[in-house]
Amino acid sequence: MTQIAILERKCTRCGLCAQACPFGGVDLLMDGRPVLNAACRVCGACVRACPQGAILRLETRAQSVDKSLWRDILVYAEVSGGRLHPVALELIGKALELAAPLGYAVRVVMVGSDLEPFARELLHYGPAEVAVYDNPALAGFRADAYAACVEDYIRAIRPCVVLVGATSLGRSLAPRLATRFRTGLTADCTRLLLRDNSDLVQIRPAFGGNIMAQIVTTHTRPQFATVRYKVMDAPPRLETCGGAIVHRDIPAAAAASRAICLRSELLPPKRGISEAEILVVGGRGLRREADLNLIRALAGALGGDWAVTRPLVEKGWATNDRQIGLSGRTVRPKLIITCGVSGAIQFTSCMRASERIVAINTDPSAPIFDVAHIAVTGDLYQIVPRLTGLVKEAKA
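All of these numbers come straight from a predicted model, not from anything done at the bench.

Peer 1: Would you mind showing me how to read the sheet that holds strand 18 (residues 305-308) here?
Peer 2: As a general point, the strands of a sheet are linked pairwise by backbone hydrogen bonds and lie either parallel or antiparallel. The parallel open sheet is built from 5 strands, whose spatial order is 18-17-19-20-21. Of all the strands in the sheet, just strand 18 and strand 21 (374-377) have a single pairing partner and so form its edges. For this sheet, the mean inter-axis angle between neighbouring strands, taken without regard to orientation, is 15 degrees.

Peer 1: Just to check I follow, could you spell out the side chain of T330 for this structure?
Peer 2: Tracing the sequence through the fold places T330 in the loop between helix 9 (310-314) and strand 19 (335-339). The class of T330 is buried, set by a relative accessible area of 8%. Within the structure, the side chain of T330 is placed 3.1 Å from the side chain of R228, a separation counted as a polar contact. For T330, the residues in contact, after removing those within four places along its chain, are R228, Y229, K230, V231, S274 and C350.

Peer 1: Please explain helix 11 (residues 380-395) as it appears in this structure.
Peer 2: Because an α-helix completes one turn every 3.6 residues, residues spaced three or four positions apart along the sequence face the same direction. Counted at 1.5 Å a residue, the expected span for helix 11 with its 16 residues is 22 Å, and the 22 Å between its end C-alpha atoms agrees. Of the residues making up helix 11, those classed as buried are L380, Y381, V384, T388 and V391. Each buried residue of helix 11 sits inside an arc of 105 degrees when the element is viewed along its axis, so together they form one side. Across helix 11 from its buried face, at more than 90 degrees, point the exposed residues Q382, R386, E393 and A394. Looking at the packing, one finds that the buried side of helix 11 touches helix 8 (292-302), strand 19 and strand 20 (357-361). One side-chain oxygen at the N-terminal end of helix 11 lies 2.9 Å from the backbone nitrogen of Y381; it belongs to D379.

Peer 1: Sorry, what's going on with the sheet that holds strand 10 (residues 161-165) here?
Peer 2: One open sheet accounts for 7 strands, arranged 11-15-10-5-8-9-16; its pairing is parallel. The open sheet terminates on both sides in strands that have one partner only, identified here as strand 11 (185-189) and strand 16 (244-247). Adjacent strand axes in the sheet meet at a mean angle of 20 degrees, parallel and antiparallel pairs treated alike. Alignment of strand 11 against strand 15 (residues 223-227), held across 3 bridges, turns out to be parallel. Among the inter-strand pairings, L185 is bridged to a residue of strand 15, identified as F224. Helix-sheet contacts for helix 3 (residues 87-99) involve strand 5 (73-76), strand 8 (106-112), strand 10 and strand 15, and the interaxial angle to strand 5 is about 175 degrees.

Peer 1: Can you help me understand the nonpolar core in this one?
Peer 2: Considering soluble globular proteins, one finds that nonpolar side chains tend to be buried as a cluster. Ranked by internal contacts, the top residues of the largest apolar core, which has 37 residues, are I73, L84, M110, L122, L163 and L192. Mapped onto this core, the elements with two or more residues apiece are strand 5, helix 3, strand 8, helix 4 (116-122), strand 9 (129-134), strand 10, strand 12 (191-194) and strand 15. With 8 residues, helix 3 is the single largest residue contributor to this core. For I73, the residues in contact, after removing those within four places along its chain, are A95, L98, A99, Y104, A105, V106, R107, V161, L163 and L194. By size, the runner-up hydrophobic cluster in this structure holds 26 residues, among which are Y133, L138, Y153 and L173.

Peer 1: Is there a simple way to think about unusual backbone geometry in this case?
Peer 2: Generally, phi is negative for residues other than glycine and the peptide bonds are trans, each holding for most cases. Here the bond from R221 into P222 is cis, since omega is -5 degrees, no more than 30 degrees from zero. With respect to the element layout, P222 can be found in the loop between strand 14 (211-216) and strand 15. If you check the backbone angles, D72 has positive phi at about 75 degrees while not being a glycine. By the secondary structure assignment, D72 is in the loop between strand 4 (55-59) and strand 5.

Peer 1: Explain the packing of aromatic side chains to me, please; I cannot follow it from the model alone.
Peer 2: One pair of aromatic rings is described through two measures. These are the centre distance and the angle between the planes. Counted by the stated rule, this structure contains 2 aromatic pairs. Centroid distance F141 to Y146: 5.0 Å. Interplanar angle 80 degrees. Geometry classified as edge-to-face. Ring geometry for F181 versus F224: centroids 6.3 Å apart, planes at 40 degrees, classification tilted. Of the two residues, F181 is situated in the loop between helix 6 (168-180) and strand 11 and F224 in strand 15; the sequence distance between them amounts to 43 residues. In this pair, the class of F181 matches that of F224, namely buried. Lying over the aromatic face of F23, R41 brings its terminal NZ or CZ to 5.9 Å of the ring centre. The positively charged end of K315 is found above the aromatic ring belonging to W317, 4.7 Å away from the centroid.

The rules behind the values
- Residues numbered from 1 in each chain as written.
- Predicted model: local features only at pLDDT ≥ 70, side-chain atom pairs only at ≥ 80, totals over all residues.
- Heavy atoms only, no water.
- Pairing = 2+ DSSP bridges.
- Helix = DSSP H or I, 4+ residues; strand = E, 2+ residues; numbered from the N terminus.
- Axes fitted to C-alpha atoms, helices over the stretch in contact; angles between N-to-C directions.
- Buried < 20%, exposed > 50% of the residue type's maximum accessible area, 1.4 Å probe, protein only.
- Polar contact = N/O pair within 3.5 Å; in protein donor to acceptor, adjacent residues only side chain to side chain.
- Contact = heavy atoms within 4.5 Å.
- Expected span 1.5 Å × (residues − 1).
- Arc of directions from axis to C-beta.
- Core = buried A, V, L, I, M, F, W, Y, C linked by side-chain atoms within 4.5 Å.
- Phe/Tyr/Trp six-rings, centres within 6.5 Å; stacked < 30°, edge-to-face > 60°.
- Lys NZ or Arg CZ within 6 Å of the ring centre and 35° of its normal.

Written out as structure tokens, the structure is:
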């Protein structure tokens, strides 16, 4: 990590550093003393401009490790609200795929209370070992206690790669773990590749989804990545299982957690668009908020759910939990019908794995047609009501 430090004893209050900063990242106090603000990009312009050498650029580098000592792939399996999050199965499936060429084993770690049934079920999906930190005190998620448990297991087995679901819990847990090991973390990966030298190529959208960045942690281990739900494929369930369940003692750091759960309340189960098998999506082509009724009617006739793109959320026509995209949800239904959706990469990267994509748009050159299996060029205000009527007739 790189930082800028100002040595006050050498500073002459000349102000050249503030003049040199292209981002306005240096403020001058009343006495002329320079201080860094939030606009600082650590570019080093102030360092070069200071004639007294009062500004330093400090770099801290994590110590390189012997990669050969770090093997296997670890998956964190989330259990919350009395259920196993299905993203765990998808991560196991991807881990098995990555591990096979290098001869690595796939291991799973779980933290919580009453985990035995979930651990036995996970063994049917191919991991070599399921490590369980099971204690009534861990019934509710506490970031410091959970991180201490997973850290304990990582130090015991030294995995090359650690995969975590990009859920609310996972997004809280993974950064804490990566910081403890002074290593890299890539969030919301859409693809993962493992090189022969065990470097994990972590692919995710960047710069608003305009490019697909390939990120590699070359010198440190383990390599952490979070993956969104509905991006990877879950492996088939096996009738027999050859793995083992290992019960581990709670580490002292977890037992000493100062966070206490006083009360918890389960929210009523709510089915989101990520679980829907049929989706009808409204996009910028809708003229009025009331026109969403066309989308809802078609979704209802098909027995599915409805969703929107980001512009409609920004207009206040729908909430974020209905949005498909990088700042919304990732979906993978059996059938998705887009209506008036142009097909920006921020949207398509989060739905292109759908089994059947039908796109309705007046523009024959719309990018959505590049990913669609069936392209319908025309006015959604004529096509959607007609399609809804045909579905209702067929069902009748």
